[in-house]
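A look at the structure
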Amino acid sequence: MTFVITRPCCNDASCVSVCPVNCIHPTPEEPEFATAEMLYIDPETCIDCGACVDACPVDAIFPDDELAEQDEPYLRLNADYYRDHDVEAGVPQLVRAPKLPDDEVHVAVVGAGPAAFYAAEELIRHPSVRVDVFDRLPTPYGLVRAGVAPDHAKTKRVERTFASAARKKNFRYYLGVEVGRDISHDELVDRYHAVLYASGASADKRLGIDGESLPGSVAATDFVAWYNGHPDHADDVYDLSADRAVVIGNGNVALDVAQILLTDPDELAATDVAAHALEALRASSIREVVVLGRRSIADGAYTNSEFLSMGLIDGVDVVIDEADLRLSPRLAKQVADDSVDSTIGSKIRLAREYAENGEGGNRRRVVFRYLTAPTAILGEERVSGVRVVRNVFDSASDRVVPSGESVEIDAGLVIRSIGYRGIAVEGLPFDDDTGVVPNEAGRVLGDDGAPVPGHYVAGWLKRGASGGIGTNRFCGQETAGALVDDVIAGVLPTPGSSREEVPELLAARGVHVVDADGWAAIDRAEREAGRAIGSPRRKIVTIAGLREAAVSAHPSDS
Ligand code: NAP
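Being a predicted model, the structure only gives us computed values, none of them experimental. (Residues numbered from 1 in each chain as written. Predicted model: local features only at pLDDT ≥ 70, side-chain atom pairs only at ≥ 80, totals over all residues. Heavy atoms only, no water.)

1. What about the pattern of salt bridges?
What counts here: Every case where a carboxyl oxygen of Asp or Glu lies within 4 Å of a side-chain nitrogen of Lys or Arg is listed as a salt bridge. Whether a residue is buried, partly exposed or exposed follows from its accessible area with a 1.4 Å probe, protein chains only, as a fraction of its type maximum: under 20%, in between, or over 50%, in that order.
Scanning the entire structure with this criterion turns up 43 salt bridges. Where Asp204 meets Arg206, a salt bridge forms, and the shortest distance between an N and an O atom there is 3.8 Å. Since its relative accessible area comes to 22%, Asp204 is described here as partly exposed. For Arg206, a relative accessible area of 47% corresponds to the partly exposed category. Between Arg499 and Glu500 there is a salt bridge, and its shortest N-O distance comes to 3.5 Å.

2. Comments concerning the pairing of strand β12 (residues 288-292)
Rule in force here: Numbering of helices and strands runs from the N terminus; a helix is a DSSP stretch of H or I covering at least four residues, while a strand is a stretch of E covering at least two. Two strands form a pair only when DSSP identifies at least two bridges running between them.
Burial analysis of β12 places five of its five residues in the buried class, which makes it a mostly covered element. Along β12, one buried face is formed by Glu288, Val290 and Leu292 and the opposite face, lined by Val289 and Val291, is buried too. By the bridge criterion, five bridges tie strand β11 (residues 244-248) to β12 in an arrangement that is parallel. Looking across to β12, one finds that Arg244 is bridged to Glu288.

3. Observations concerning the nonpolar core
The criterion, for reference: Only buried residues count toward a nonpolar core, which is a set of Ala, Val, Leu, Ile, Met, Phe, Trp, Tyr and Cys residues joined through side-chain atoms within 4.5 Å. Pairs of residues are marked as contacts when any of their non-hydrogen atoms sit within 4.5 Å.
Counting 127 residues, the largest nonpolar core has Ile24, Val107, Leu196, Leu261 and Phe368 as its most contacted members. Contacts of Phe368, omitting those with residues within four sequence positions, involve Leu255, Val291, Tyr302, Phe307, Met310, Val318, Val319, Ile320 and Asp324. Membership of the second largest hydrophobic core comes to 21 residues, among which are Leu188, Val425, Leu461 and Leu506.

4. Observations regarding the site of the ligand
What counts, and what does not: Only heavy atoms are used to decide nearness, and a residue is near a molecule or strand if one of them lies within 4 Å of it. Contacts described as polar in this section are N or O atom pairs within 3.5 Å, which, within protein, must combine one atom able to donate a hydrogen with one able to accept it, while residues neighboring in sequence count only if both atoms come from side chains. Per-residue and other accessible areas were derived by the Shrake-Rupley procedure at a 1.4 Å probe size, with only the shown protein chains allowed to occlude residues. Residue polarity is assigned by list, with Asp, Glu, Lys and Arg as charged and Ala, Val, Leu, Ile, Met, Phe, Trp, Tyr, Cys and Pro as nonpolar; anything else, Gly included, falls into the polar class. Source of the domain bounds: an automatic or database domain assignment.
Around the ligand, a shell composed of 20 residues is seen, among which Asn250, Val253, Arg294, Arg295 and Gly467 lie nearest. Side-chain polar atom of Arg294 to an oxygen atom of the ligand: 2.8 Å apart, as the coordinates give it. Against a free-state accessible area of 920 Å², the protein chains account for coverage of 76% of the ligand. Ranked by residues supplied to the shell around the ligand, first place goes to helix α9 (residues 252-262) with three residues. Looking at side-chain class alone, the shell around the ligand contains eight nonpolar, eight polar and four charged residues. The two domains that each donate at least three residues to the shell around the ligand are domain 2 (105-202 + 422-513) and domain 3 (213-224 + 236-416).

5. Digging into the packing of aromatic side chains
The following threshold applies: We call Phe, Tyr and Trp rings a pair once their centres come within 6.5 Å, taking the six-membered ring for Trp, and we label the pair stacked below 30 degrees between planes, edge-to-face above 60, and tilted otherwise.
Here the structure, examined in full by the defined rule, presents 23 aromatic pairs. Taking 5.6 Å as the distance between ring centres and 20 degrees as the angle between the ring planes, the aromatic pair formed by Phe117 and Phe171 counts as stacked. Residue Phe117 is located in helix α4 (residues 114-123), and its partner Phe171 is located in strand β7 (residues 171-175); the two are separated by 54 residues in the primary sequence. The exposure classification of Phe117 matches that of Phe171, with both residues buried. Note on Trp226 and Tyr238: the rings are 4.8 Å apart at their centroids and 65 degrees apart in plane angle, and the pair reads as edge-to-face. Of this pair, Trp226 sits in helix α8 (residues 220-227) while Tyr238 sits in the loop between α8 and β11, and the two are twelve residues apart along the sequence. Here the aromatic cluster, defined as three or more aromatic residues joined through ring pairs, consists of Phe117, Tyr118, Tyr141, Phe162, Phe171, Tyr173 and Trp519.

Written out as structure tokens, the structure is:
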């Protein structure tokens, strides 16, 4: 028997270090780890001990004889990885935290998403480090709460890891506090030895084509925030009255969006989807979502596990036209001589299987189109469609280039899902081209290229908007490690005032701080409201409502 890693895998490698036979790869020591879609168990080496099951924060690992039917393809996905990867490689090292001096070190962390938590978790291993976490929302967990699709309940279980870090006595929450508005960057610098920004990448990238700003052309970043109940988007309204939507881009966010648009609302009702979104989706007329990829089936930006899951949506056909299965000449040769990379090979295989299976007669469908790039979003008053050009392979470079063939796809909604982008943070340098803060291993670099003492970044603001939740574990740990090294090297600046002044400063400005008890009260209120309607939580979607729920923890704050 072997254990098998399935869809919720968060890549945080908690399982890797507990495996006694090193059968889970890639390990963080292997170069592939940075780009791996998920982790894989080698069926030949697994000794069936189950240590990984207990360590997995998102309950993604099962023995092969207990796999649910929809998870059976993961047996092959796990095994296929070992067709071209070496199981002997990358033995994980146990890294002990270096000993810090006894003097307290005060760190402000800005943002309360995965990268912030993984960095904070690493820092609070040192009893002398005190971490204060600031987030502009009254709720923690960043994109785990406001980005991960509502039906990915297992993925959200990583919150348990974060909650246990937040219970440590050298961790303090300042939720509902916006750095740059309620307290400035300079005020933090003056009160902490170090400030670590993990505030993410919340803006959307732009296509730069005609019609992009028409009503009905929307950014996936906004749409995702809307169905996840982000307070900034609770009042957004989407017109779902057409029968077709087009999603531009085919990353995991595009697939999440397509899935939400097509899933039976009765199924969504059992998730933590925002109530306003559920109501709108119940009235939706959308029956077809076209997902546009500008490159080939081998280059889908989605992960194989998310692509697989599209075939499991009840009542939805996955449609791929045979004409869209073309590969570049170089790749076609690799497939023919069986030398193609295992992950890419799985992408090709899954797309071909969908194309072969054809339509199943369901009322709703998701159509994956490849080698198809948008050139204009069409419409007068609002969106009526998308003009696309067929791409072909350039024989010299093997890359895609536009052909002369252009067609129009009618659609009442166009969702641009071409990636997230960081936005500049007051007080920090910013690279506008890449949308990240220039840094070296998380140390912020000034205009002279030298580290700015006491300034750090982690997560998407540090490395750009790529990677799943677990990718942030190593990113956050790297930054925390740099900070700890700087403590040991004695290069952190000494703050001019004390972090103990922060509560008073915020109170004087009338800021309603939500602390750990306040968040616990919100969490309780949401779960209780959810229980009443058969969902894990009913999210409170306004800042006022969240504050009100938090106040029940401290009635004197009202
Ligand atoms: P992404 O993975 O970077 O995908 C962006 C997509 O947009 C790609 O298909 C890209 O095509 C396309 N694109 C970019 N510019 C374009 C243009 N001008 N015209 C047409 N297409 C264009 O971004 P994402 O989907 O927003 O995801 C961000 C990160 O979050 C990813 O690492 C993703 O895996 C992660 N995430 C993970 C999950 C999960 O694990 N379930 C869920 C959500 C997000 P090219 O590939 O050709 O550039």
